[in-house]
Amino acid sequence: MISKLVVIGVGLIGGSLACALRKAGKVETVVGVGRGIANLEQAVELGVIDSYSQDAAQAVVDADMVVIGATLGSTADILARIAPALGPGTVVTDVGSTKASVVASARAALGEKFARFVPGHPIAGTEHSGAQAAFAELYVGLRVILTPVAETDTDALICVRAMWETAGARVAQMSVADHDRVLAAT
């Protein structure tokens, strides 16, 4: 059970994960973070999230799990902003389509908390975006690739794997280099 899930970037990917976990009864509170107030308000109205903040560092305080679902280009900045506010047991994961740059950014920003970062990439999507596009069944039967590194905490990896499996995903694991090579080819 995730007591407090923080989704940074409440769109199709992050919002659908929150919906799936809520539908499965595996999350108590979902806090959304984003720049657009209208999207965040709509996410609350739709029941995708319970509350929201535009301050990512404030939102992650006391979080069990943080999912970075924002654009790949904003991930490094988000990691730097949230790092000081993360608790020692908070697990952080992302949904970026490339992993080497994300892992480098996480290593640089998170310091000793880097072990609780589990790089991930759900192979999912539709032509729709925003909170209104989120739906609980998006990940059912689809692949999510986790790319842990040598420093990745085993318990953090288990938590992230379980989260995606709860959403209905088939979880695979591969190295960062293999992921980026294979996904670049496709």
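Residues numbered from 1 in each chain as written. Predicted model: local features only at pLDDT ≥ 70, side-chain atom pairs only at ≥ 80, totals over all residues. Heavy atoms only, no water.

J.: Break down the side chain of Asp 94 for me, citing the residues and quoting the values.
T.: Tracing the backbone through its elements, the reader meets Asp 94 in strand 5 (residues 91–94). There is a polar contact of 2.9 Å between the side chain of Asp 94 and the backbone nitrogen of Gly 96. A distance of 3.0 Å separates a polar atom in the side chain of Asp 94 from the backbone nitrogen of Gly 120. Those residues in contact with Asp 94, other than ones at most four positions away along the chain, are Ile 68, Lys 99, Val 102, Phe 117, Val 118, Pro 119, Gly 120 and His 121. (Helix = DSSP H or I, 4+ residues; strand = E, 2+ residues; numbered from the N terminus. Polar contact = N/O pair within 3.5 Å; in protein donor to acceptor, adjacent residues only side chain to side chain. Contact = heavy atoms within 4.5 Å.)

J.: Mind laying out helix 4 (residues 75–82), listing which residues take part and the relevant values?
T.: Every buried residue of helix 4 is listed here: Thr 75, Ile 78, Leu 79 and Ile 82. Angular distribution of buried residues about the axis of helix 4 spans 100 degrees; they occupy a single face of the element. The secondary structure elements touched by the buried residues of helix 4 are strand 1 (2–8), helix 3 (56–59), strand 4 (65–68), strand 5, helix 5 (100–110) and strand 6 (117–118). (Buried < 20%, exposed > 50% of the residue type's maximum accessible area, 1.4 Å probe, protein only. Arc of directions from axis to C-beta.)

J.: Account for a nonpolar patch on the surface, with residues named and values stated.
T.: A cluster of nonpolar side chains, namely Ile 37, Val 44 and Tyr 52, defines an oily patch on the protein surface of about 200 Å² accessible area. The residue Tyr 52 is located in strand 3 (residues 51–53) in this model. Since its relative accessible area comes to 33%, Tyr 52 is described here as partly exposed. (Patch = residues over 30% accessible without salt bridge, like charges linked within 9 Å, V, L, I, M, F, W, Y side chains within 5 Å. Areas by Shrake-Rupley, 256 points an atom, 1.4 Å probe, with all protein chains shown as cover. Salt bridge = Lys/Arg side-chain N within 4 Å of Asp/Glu carboxyl O.)

J.: Describe the pattern of salt bridges, listing the residues and the values that go with them.
T.: On inspection of all chains with the given rule, the structure shows seven salt bridges. Between Asp 77 and Arg 81 there is a salt bridge, with the nearest N and O atoms lying 3.2 Å from each other. Of this pair, Asp 77 and Arg 81 both sit in helix 4, separated by four residues, roughly a single helical turn. According to the relative accessible area criterion, Asp 77 is partly exposed, its value standing at 44%. Close ionic contact of Arg 161 with Glu 165 constitutes a salt bridge, the shortest N to O distance being 3.5 Å. With Arg 161 and Glu 165 both in helix 6 (residues 154–166), this residue pair falls four residues apart, about one helical turn. Judged by its relative accessible area of 24%, Arg 161 is partly exposed. By relative accessible area, which is 40% here, Glu 165 ends up partly exposed.

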